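Descriptive analysis of the structure
One letter stands for each residue in the lines below.
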Amino acid sequence: MVTATRADSARRLAVFLAVLGLAAGPVPRPGYAAPVPDPGDAAPAPSSASQPSPAGPPSPTAPGDGPGPPAAPAPDPVASRGADLYLRTCASCHGPAGEGSQRGPSLVGVGPASVDFQLSTGRMPVDQETRQPPHRRPAFSAADIRALVAYVDSLGGGGPQIPTVGPGDLREGRELFLANCAACHSATGGGATLTNGLVAPSLDRSTPVQVAEAIRVGPGLMPAFPENVLGPEQVDAVAGYVQHLRGGRLDRGGASLGRLGPITEGLVAWGIGLALLVGVVRWLGGRAGR
Amino acid sequence: MITRWLSGRLARSLDDRLRVAPVLRRALAKVFPDHWSFMFGEIALYSFVVLVLTGVFLTLFFEPSTADTVYSGAYAPLDGSRTSAAYASTVRLSFDVRAGLLMRQTHHWSALLFVGAIVLHLLRVFFTGAYRRPREINWLIGVTMLALALFNGFTGYSIPDDLLSGTGLRILYSVTQSIPLVGEWLVFLAAGGEFPTAELVPRMFVSHVLLVPAVLAALIAAHLGILLRQKHSQFPGPGRTENNVVGSRFWPSYTVRTLALFAWVLAVAFALGGLAQINPVWIYGPFDPAQAISPAQPDWYVAWGDGALRLFPAVEFRVFGRLVPSPFLPGVVFGGLTFAGLYLWPFLERRRRRRRDRLAHQLLDPPRAHPARIGFGVGVLALFAVLLAAAADDILARILRLPVLHVLSILRVLALALPVSAGVVAYLVARALRAGGGRGIGELTRSDVRSAMRFGSRAGGVSTGVGDPSPVATAEPAAGSHDAARIELWRDPDGLWRWRYRDAVVVLAASQAYRSRPEAERAAATAYGDLPAREVAPSGGRTGEPAAMRERAGRIAGRAGGYLALAAVALWRGRRARRRPPP
Ligand code: HEM
């Protein structure tokens, strides 16, 4: 069902462009047409190769297979891998013991959900100081992320755990999303601008776990929604609806035009519809003159 | 054979009773100018037809009520939700009614095309001075239709009762409320209480599907009736005078051309409706006064008002001790000035002339003939372009990664600077073009522009006769070919007399036939004054080249029909593919 609709809408988009030309195209949302397979949901990413791994003697390749939480005794390879990665890539900003520095906030007690969110959405590590680190391809493999999460957790406990997301009720998810999230992220999930140049990003690449983490953690300018505001089933519902918003599944009417609303619609009406009709009358008028 | 005989009898018996034949004959011989810019109005007309056709379909399924209902249908995320009946029925139209979404989207796309075509038509009329006496009435009717189209677009956009349009409705409500003294009373009259009220949707619905379309239809009829009575204006050119119209006859060549255009408008509207999503209210969700949506823009044709509201500094002031809230100046005053300016323009411009222009004009000004008019028009267009951009300030801010307030400041500067500079440039270009005579913008040299900027010497003001308000000054071809200009008369095999104008450049056949030679001569003299007339042998077929025209017209129609069929097949296949059961 899902794939059928998506392929269908891609084909419709192609037909649309072929028929009407590509004047005044919509503002492309990054990765909109082809959602990047996100390693966040447990699929080990090949991108770990980019990480210079051979630096220390401890056995480098022993990823914590299986979902078991890495309870950390001293000689655990996962823990030392986490410490190693942390010291090499995070400590410069967050301090060697996660106490924070001029360049980054303290990580003591932020909780596994926050660390996993920052790493799986590729926000951390930031390469240069930006006001708002964007969603990118994660810099670490899933196993390395687990190791880092465990290590940062060992610096000081507390904070929200990584939520487990089950299937949620679509209708409830739609209502909760419109009530709690649409004001910032737009009802289409396409994102919107906030004050002072910051944006609430598009949710087009957010996995269910990342959505649940964002709800609990409240990254950046986003407020955190604790359990007494949104219970676990409600989080499941919102995460499920966000998945429903992703891709072209809801664009039943054809090319989505970036789901930016009347502005792009107006541009298409002028740039394609009226341009075409003006061309037609020129042609008809030109023939009549002869 | 039989049909021909039948239709002949039918025609004759009708004519016996109604005496329509002379009227019809005259109507069919009506001449329409060939210039393409004369067809913008027709695009608007046919978009209106598409709006009525699709709108009637929508009316069969739309429920104009804010009563609480439970949606149950194919759109899973709404299934079982309580929403207003209007919203639920719009989602049902989009997901559960066969072809409903196609009709909804086509209706909305043709609304955008409709207003766009009206604006193009208005610009053509404005820049060519077609609104001058005797056509001021049609200008007034046209501006009224534009205002009604904007209003109807707004009500149509608002009746689905979704979150996005509700946001716009709330803004219009507060703008109306901001009018001193009468504002409160007006919103109470319209809405029946504090926003949002249950009356608003049904009232807007009646206005949207009945009142305004009926008034529009009546105005369209009046507009076209006056056009037929006054005849078309036309661009000056060889053989064209204040007393004639040069172009194609209504039947057959013009009829086929305009039907081909109708087919094209249908094709474009339905292609957009089938291929490009517009106003996906199921994603926006139902209106809820406690919720907000962002980014929120209205349709482009009212977005300039929204842009003015965003751009204008929040100024409140007191009149007789009453506080006038900030939407008043950008919302009510600016909108009012816009339309007052449009209504009054022909009369303002007439007064501005040194020699008060009371003459009737059948010949259009080439746009360059009035640099001041061009400069003013281009400046106003630039202002509205900035306002449209301001309505998208949040989207621009996101693309540019700037704070919205910075974007607004930039746009404020642009709103002041761009209209003036664009207007001055247009003014100078028009002056340079006018001084240089018939060349295009691409061929202007620097010295042309420099001389256009010298005002004292009147270098730019050298009249080429083009657009001079005197009725006899038409752009005649160069002197040599002028000598050759003459009227030719002949008698057709059917016994009727016809005439044509001929010079070195063109041959223009008159569209009417006359019973006697003096009648034909008189007609020719009305159109061309004292040109030498001589009788010639009838040329081949009848007058013009109806056969050739018919053939050409047939080709056009065939091609247009082909494209239409192609689009229909593509649409149908798309729909079918979508309905295919999942693998
Ligand atoms: C001046 C001509 C008209 C304009 C500019 C116009 C414009 C619009 C617009 C923009 C919408 C919103 C569509 C959407 O939901 O996306 C709309 C809805 C609607 N229009 Fe019109 N319209 C016009 C004439 C008519 C006529 C003549 C009828 C009926 C005879 C009609 C019936 C409707 C109905 C029932 C809806 C609500 C259904 C829906 O939103 O899906 N309209 N119109």
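Computed from a prediction, not measured in an experiment: that's the story for all the values here.

Let's talk about the overall build of chain B
Across its full length, chain B holds 20 helices and ten strands. The buried share among the 583 residues of chain B stands at 48%. Across chain B, the fraction of contacts at a sequence separation of at least 24, relative to all contacts at a separation of at least 6, is 73%. Only carbon and sulfur atoms are counted for the fraction: they give 65% of the accessible area of chain B, which is about 28200 Å².

Overview of the overall build of chain A
Counting secondary structure elements, chain A contains nine helices and two strands. Reading chain A from its N end, one meets helices and strands in the order α-α-α-α-α-α-β-β-α-α-α. Out of the 290 residues in chain A, the part that is buried amounts to 47%. Looking at chain A alone, contacts between residues at least 24 apart form 65% of all its contacts between residues at least 6 apart. When the accessible surface of chain A is totalled, it reaches about 13100 Å², and 63% of it is carbon and sulfur.

So, the interface of chain B and chain A
Counting residues at the interface gives 74 residues for chain B and 68 residues for chain A. Between chain B and chain A, roughly 5900 Å² of surface is buried when both sides are summed, and carbon and sulfur atoms account for 68% of that area. Broken down residue by residue, the surface that chain B buries against chain A is led by Leu275, Ile283 and Arg398 of chain B, which jointly contribute 13%. Where chain B meets chain A, there are zero salt bridges. In this assembly, chain B and chain A are joined by 14 residue pairs in polar contact (both at pLDDT 80 or more). Secondary-structure elements contributing two or more residues to the side of chain B that touches chain A are helix H3 (40-61), helix H4 (85-95), helix H5 (100-127), helix H10 (250-275), helix H11 (281-284), helix H15 (393-400) and helix H20 (546-579) of chain B. Sort the elements by how many residues they give to the side of chain B that touches chain A and H10 of chain B lands first, with ten residues.

Describing the coordination of the iron atom of the ligand
Ideal geometry at a metal gives 109.5 degrees between four tetrahedral donors and either 90 or 180 degrees between six octahedral ones. Residue and element names in this part refer to chain B. Bound to the iron atom of the ligand are the protein donor atoms His107 (NE2) and His208 (NE2), situated 1.9 to 2.0 Å from the metal. Around the iron atom of the ligand, the six donor atoms are arranged such that angles at the metal cover 87 to 179°; this shape is classified as octahedral. With a gap of 101 residues between them, His107 in helix H5 and His208 in helix H9 (residues 200-230) connect regions that are remote in the sequence. Residue class for His107 comes out buried when judged on its relative accessible area of 16%.

What about the confidence of the model for chain A?
Residue and element names in this part refer to chain A. Per-residue confidence for chain A gives a mean pLDDT of 77, with 73% of residues at or over 70. Below pLDDT 50 for its whole length, residues 1-7 participates in five contacts with residues either more than four positions away or in separate chains. Here residues 17-73 is modelled with pLDDT under 50, and outside its nearest four sequence neighbours on either side it reaches 71 contacts, counting other chains as well.

Side note on the pattern of salt bridges
Residues and elements named next belong to chain B. Using the criterion set out here, one finds 18 salt bridges over all chains in the structure. Here Arg310 makes a salt bridge to Asp306, at a shortest N to O gap of 3.0 Å. Taken as a pair, Arg310 and Asp306 lie in helix H12 (residues 300-311) at a separation of four residues, close to a single helical turn. A salt bridge links Glu521 to Arg517, with the shortest nitrogen-to-oxygen separation between them at 3.0 Å. Taken together, the residues span about one helical turn, with Glu521 and Arg517 both in helix H19 (residues 517-528) at a distance of four residues. On the basis of relative accessibility, which here comes to 32%, the residue Glu521 falls in the partly exposed class. Looking at Arg517, the relative accessible area reads 25%, which means it is partly exposed.

What about the domain arrangement of chain A?
Residues and elements named next belong to chain A. Looking at chain A, the domain boundaries give domain 1 (32-162) and domain 2 (164-247). Taken together, the contact pairs 20 residues of domain 1 with 18 residues of domain 2. Of the roughly 1600 Å² buried between domain 1 and domain 2, counting both surfaces, carbon and sulfur atoms make up 54%. At the junction of domain 1 and domain 2, the tally comes to zero salt bridges. Where domain 1 packs against domain 2, one counts four residue pairs in polar contact (both at pLDDT 80 or more). Residues of the side of domain 1 that touches domain 2, tallied by class, amount to seven nonpolar, seven polar and six charged.

Some thoughts on the site of the ligand
Residue and element names in this part refer to chain B. With respect to spatial proximity, 27 residues lie near the ligand, and among them Arg104, His107, His108, His208 and Asn279 are the closest. Contact between the ligand and Arg104: an oxygen atom at 2.9 Å from a side-chain N or O atom of the residue. Going through the elements one at a time, H3, H4, H5, helix H6 (136-158) and H9 are the ones with two or more residues in the shell around the ligand. Element by element, the count of residues in the shell around the ligand is highest for H3, at six residues. A class-by-class count of the residues in the shell around the ligand yields 16 nonpolar, ten polar and one charged.

Some details on the packing of aromatic side chains
Applying the stated criterion across every chain, the model contains 21 aromatic pairs over all chains. Between Phe177 of chain A and Tyr241 of chain A, the aromatic rings sit 5.7 Å apart at their centres with planes inclined by 55°, giving tilted as the arrangement. In this pair, Phe177 of chain A is assigned in helix H5 (residues 170-180) and Tyr241 of chain A in helix H8 (residues 232-245), connecting sequence segments 64 residues apart. Here Phe177 of chain A and Tyr241 of chain A have matching classes, each one buried. Where Trp304 of chain B meets Phe334 of chain B, the ring centres are 6.1 Å apart and the plane angle is 65°; that geometry is what we call edge-to-face.

Quick notes on the rules
- Residues numbered from 1 in each chain as written.
- Chains lettered and ligands numbered in written order.
- Predicted model: local features only at pLDDT ≥ 70, side-chain atom pairs only at ≥ 80, totals over all residues.
- Heavy atoms only, no water.
- Helix = DSSP H or I, 4+ residues; strand = E, 2+ residues; numbered from the N terminus.
- Buried < 20%, exposed > 50% of the residue type's maximum accessible area, 1.4 Å probe, protein only.
- Contact = heavy atoms within 4.5 Å.
- Areas by Shrake-Rupley, 256 points an atom, 1.4 Å probe, with all protein chains shown as cover.
- Buried area = accessible area lost by both parts, 1.4 Å probe.
- Salt bridge = Lys/Arg side-chain N within 4 Å of Asp/Glu carboxyl O.
- Polar contact = N/O pair within 3.5 Å; in protein donor to acceptor, adjacent residues only side chain to side chain.
- Donors = N, O, S within 2.8 Å, 3.2 Å for Na, K, Ca; no water.
- Tetrahedral: all angles 85-135°; square planar, octahedral: opposite > 155°, others 65-115°.
- pLDDT = per-residue confidence, 0-100.
- Domains from an automatic or database assignment.
- Nonpolar A, V, L, I, M, F, W, Y, C, P; charged D, E, K, R; others polar.
- Near = heavy atom within 4 Å.
- Phe/Tyr/Trp six-rings, centres within 6.5 Å; stacked < 30°, edge-to-face > 60°.

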